[in-house]
Amino acid sequence: MRNKFIPFSPPWIGEEEINEVVDTLKSDWITTGPKVIKFEEEFCRYFNSPSALALNSCTAALHTALVTLGIGPGDEVVTTPMTFCASVNVIEHVGAKPVLVDVESDTLNIDPNKIESAITNKTKAILPVHYSGHPVELDTIYDIAEKYNLYVVEDAAHAIHAKYKGRFIGSSNNPVCFSFYATKNLTTAEGGMLTGDPDFIERARIISLHGMSKDAWKRYSKEGSWYYEVVYPGFKYNMTDIQASIGLWQLNKLESFQRRRREIVNMYNSAFKDIEALRTPIERPEVEHSWHLYVLRLNLEMLRIDRNQFIEELKNRNIGTSVHFIPIHLHPYYRDKYGFKPNDFPVAYENYLKIISLPLYPRMSNEDVYDVIEAVIDVVKKYRR
C-alpha cells in the first residue's frame, strides 16, 4: 500500500516553461502575438503540417473547422459515441445532427465498415476520433469520404505524435484538431491547434477571432495598422502568448516525453499480458500510438466486482484512475433528444462497462509504475472468481 496518492495524469512543467512565461509577462505582449506565431511555425516544422492555427482549445478547433467548411443546420456529421462530449457538442453548436456509428472491438475507434450505412443525402462530413492516441483507419475513411464527396475533420485530441502508415497525424491537408489540455502529451494548460491546407487555415483564422480581417498583433505592432473589417460573425478562440510560451518548451520536450510514455506502456503490458482477467490495449502494425491513455479492460466474467468497484479498490490503494469515456448516447442530452438506448451501440456500451484508464505520464518513476501494477494485480487476485 502506497502512502502517497498517485494522481491520474498531472502535467510536467519545468523551469524552462516557467522562465518563458515570465519572459512573456515582462514583455509588451501577453495575448496573441510573436510567441503564438513561433509556436505555430515550430509545430508545422515538427509534424510536417501544411499550416497551423493555435487556439484556446481543441473544442475551438473542431467548432472553427466545421464553421469554416460551411457545415450547419440540416446537415449531418458521422462520428463515434466513444469520445468526450466536445466532439459531438460542436456538431450541435453549428446546428447539424450528429450521427453515431459504433466502434471497433479492439481499438475502440469508429468502425469504418459501419460508416457507409450511416451516410444519407444530408451527410456533409465524417468526424473520426483517434481514441486514446491510436489512429483510426484513415485510408478506408478517406475512400468513403471521396466516394460520397464528404469532408473529414479529424479529432486528434489524444493523437499528438501519433503516426498512421509512417506519417504524423496532422501532416495532411484535411482539418486536424489537437488538444493541449493539462493532461495531454503536450500541454499549454488549456489550448489547441488546427492544422490543414493553408487557404483553409487562413479562412479559419479570421473566423476564430471575431471574423476580423486583422488580429491584434497586425493592428498594434509597429508594422501594423489600426484598420480592420469584420467579414464574418466569428468567435473569440485565440491562443495567448502566455500559453504559447509553455507550448514552445513542451514541443521541445515532446520526443523525450513520448519515449517515457512508451517505456511505461511496455512495463504495463509485460505485467498484465498473461492475466486472464485483464485485456491490454493494442497497437496495430501500421500505426504509431501516441499513448495518451493506457486503457485497461476488465474481463468482468472472471471477477466478483464490477468496473466501478475496481476503481474504488485502486483508489483505496492510493492509485488514481479515470474512465474514457461515458459514451455519448448515454448522456441525458443526447439520450433524450435522439431517443438513444444503451445497446444502440453495443460495442461502445459493453466496453464502457469494462474500461479503466491507468496513470500514464512522463513524471512517473519506475517505483510509481510498479505500485500501480502491484495494486491492479492485488485487486484482481482478491476478487478473482
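The rules we used
Residues numbered from 1 in each chain as written. Predicted model: local features only at pLDDT ≥ 70, side-chain atom pairs only at ≥ 80, totals over all residues. Heavy atoms only, no water. Core = buried A, V, L, I, M, F, W, Y, C linked by side-chain atoms within 4.5 Å. Buried < 20%, exposed > 50% of the residue type's maximum accessible area, 1.4 Å probe, protein only. Helix = DSSP H or I, 4+ residues; strand = E, 2+ residues; numbered from the N terminus. Contact = heavy atoms within 4.5 Å. Axes fitted to C-alpha atoms, helices over the stretch in contact; angles between N-to-C directions. Left-handed = near helix turned anticlockwise from the far one by under 90°. Nonpolar A, V, L, I, M, F, W, Y, C, P; charged D, E, K, R; others polar. Pairing = 2+ DSSP bridges. Salt bridge = Lys/Arg side-chain N within 4 Å of Asp/Glu carboxyl O. UniProt positions renumbered as here; feature names shortened; annotations may be inferred. Domains from an automatic or database assignment. Buried area = accessible area lost by both parts, 1.4 Å probe. Parallel < 35°, antiparallel > 145°, perpendicular 65-115°, else oblique.

### Points about the nonpolar core
Then, in step 1: Phe 39, Ile 115, Ile 169, Phe 178 and Phe 180 are the most contacted members of the largest nonpolar core, which totals 40 residues.
Then, in step 2: Counting only elements with at least two residues in this core, the list comes to helix 2 (34–47), strand 1 (52–55), helix 5 (138–148), strand 9 (176–179) and helix 8 (241–272).
Then, in step 3: A total of five residues in this core trace back to one element, the largest contributor, which is helix 2.
Then, in step 4: Not counting residues within four places of it along the chain, the set of residues in contact with Phe 178 comprises Phe 43, Cys 58, Ala 156, Ala 157, Ala 159, Ile 160, Ile 169, Gly 170, Gly 191, Gly 192, Met 193 and Thr 195.
Then, in step 5: Within the second largest apolar cluster, 32 residues are counted, among which are Met 267, Leu 278, Ile 311 and Ile 319.

### Here's the deal with the packing of helix 3 (residues 58–68) against helix 4 (residues 86–93)
Then, in step 1: In the contact formed by helix 3 and helix 4, the axes pass within 9 Å of each other and the chain directions differ by 35 degrees. The hand of the helix 3/helix 4 crossing is right-handed. Taking contact as the criterion, the partners of Thr 59, Leu 62, His 63 and Leu 66 in helix 3 are, on helix 4, Ala 86, Ser 87, Val 90, Ile 91 and His 93.
Then, in step 2: Class assignment of the residues belonging to the contact of helix 3 with helix 4 gives a composition of five nonpolar, four polar and no charged.

### Observations regarding the sheet that holds strand 7 (residues 163–164)
Then, in step 1: One open sheet accounts for three strands, arranged 8-7-12; its pairing is antiparallel. Unpaired on one side and paired on the other, strand 8 (167–168) and strand 12 (287–288) mark the two borders of the sheet.
Then, in step 2: Note that strand 7 and strand 12 share two bridges and pair antiparallel. Bridged to Lys 163 within strand 12 is Glu 288.

### Notes on the sheet that holds strand 14 (residues 355–358)
Then, in step 1: An order of 11-13-14 is seen for the three strands of this open sheet, with the pairing classed as antiparallel. Edge positions in the open sheet fall to strand 11 (278–279) and strand 14, since each of these has one partner strand only.
Then, in step 2: Where strand 13 (residues 294–298) meets strand 14, four bridges bridge the pair, whose relative direction is antiparallel. Across the sheet, residue Val 295 finds its bridge partner in strand 14, namely Ser 357.
Then, in step 3: Across the sheet, helix 8 lies against strand 11, strand 13 and strand 14, angled at about 15 degrees from strand 13, the strand it touches most.

### Structural notes on the pattern of salt bridges
Where charged atoms from two side chains of opposite charge approach closely, those side chains can pair.
Then, in step 1: If you walk through the whole model with that rule in mind, you get 22 salt bridges.
Then, in step 2: A salt bridge links Lys 165 to Asp 139; its shortest N-O distance comes to 2.6 Å. One end of the pair, Lys 165, is in the loop between strand 7 and strand 8; the other, Asp 139, is in helix 5, and 26 residues separate them in sequence.
Then, in step 3: Three or more residues are tied together by salt bridges with common partners; here these are Arg 2, Asp 368 and Asp 371.

### Here we look at the UniProt feature "active site" (unreviewed entry) in the protein
Then, in step 1: Per the UniProt record, the feature "active site" (unreviewed entry) sits at Lys 184.
Then, in step 2: Structurally, Lys 184 can be placed in the loop between strand 9 and strand 10 (192–195).
Then, in step 3: Relative accessible area serves as the criterion here: at 14%, Lys 184 is assigned to the buried category.
Then, in step 4: In contact with Lys 184, other than residues within four places in its own chain, are Ala 157, His 158, Ser 179, Arg 261 and His 292.

### A look at the domain arrangement of the protein
How big an interface is tends to be stated in terms of the accessible area lost upon association of its parts.
Then, in step 1: Here the protein is partitioned into domain 1 (15–249) and domain 2 (254–383).
Then, in step 2: Taking only C-alpha atoms, the centre of domain 1 and the centre of domain 2 are 26 Å apart.
Then, in step 3: With 42 residues of domain 1 at the contact, the number on the domain 2 side is 37 residues.
Then, in step 4: Both sides of the domain 1 and domain 2 interface together cover about 3400 Å² of buried area, and 58% of this is carbon and sulfur.

### Here's the deal with the pairing of strand 13
Then, in step 1: Most of strand 13 is tucked away: five of the five residues are buried.
Then, in step 2: The side-chain alternation of strand 13 yields two buried faces, one formed by Tyr 294, Leu 296 and Leu 298 and the other by Val 295 and Arg 297.
Then, in step 3: As defined by bridge partners, strand 11 adjoins strand 13 across two bridges and the pair is classed as antiparallel. Its bridge partner lying in strand 13, Leu 278 is registered against Leu 298.

### Focus: the packing of helix 2 against helix 8
Then, in step 1: One way to put it is that helix 2 packs onto helix 8 with a least axis distance of 8 Å and a crossing angle of 25 degrees. Our classification of the angle between helix 2 and helix 8 gives roughly parallel. In the packing of helix 2 onto helix 8, the handedness of the crossing is left-handed. The residues of helix 8 that touch helix 2, namely those facing Pro 34, Lys 35, Val 36, Lys 38, Phe 39, Glu 42, Phe 43, Tyr 46 and Phe 47, are Asp 241, Ala 244, Ser 245, Gly 247, Leu 248, Leu 251, Asn 252, Leu 254 and Glu 255.

### As for unusual backbone geometry
Peptide bonds are mostly trans, and most non-glycine residues show a negative phi.
Then, in step 1: Between His 324 and the following residue, Phe 325, the backbone shows a cis peptide bond with an omega angle of 5 degrees.
Then, in step 2: Tracing the chain through its elements places Phe 325 in the loop between helix 9 (307–316) and helix 10 (332–338).
Then, in step 3: Positive phi outside glycine occurs at Asn 149, with the angle close to 60 degrees.
Then, in step 4: Position of Asn 149 relative to the elements: it lies in the loop between helix 5 and strand 5 (151–152).
Then, in step 5: Here the phi dihedral of His 210 falls at roughly 65 degrees; this positive angle occurs in a residue that is not glycine.
Then, in step 6: If you trace the backbone, His 210 turns up in the loop between helix 6 (198–208) and helix 7 (216–220).
Then, in step 7: Residue His 210 is classed as partly exposed on the basis of its relative accessible area of 35%.

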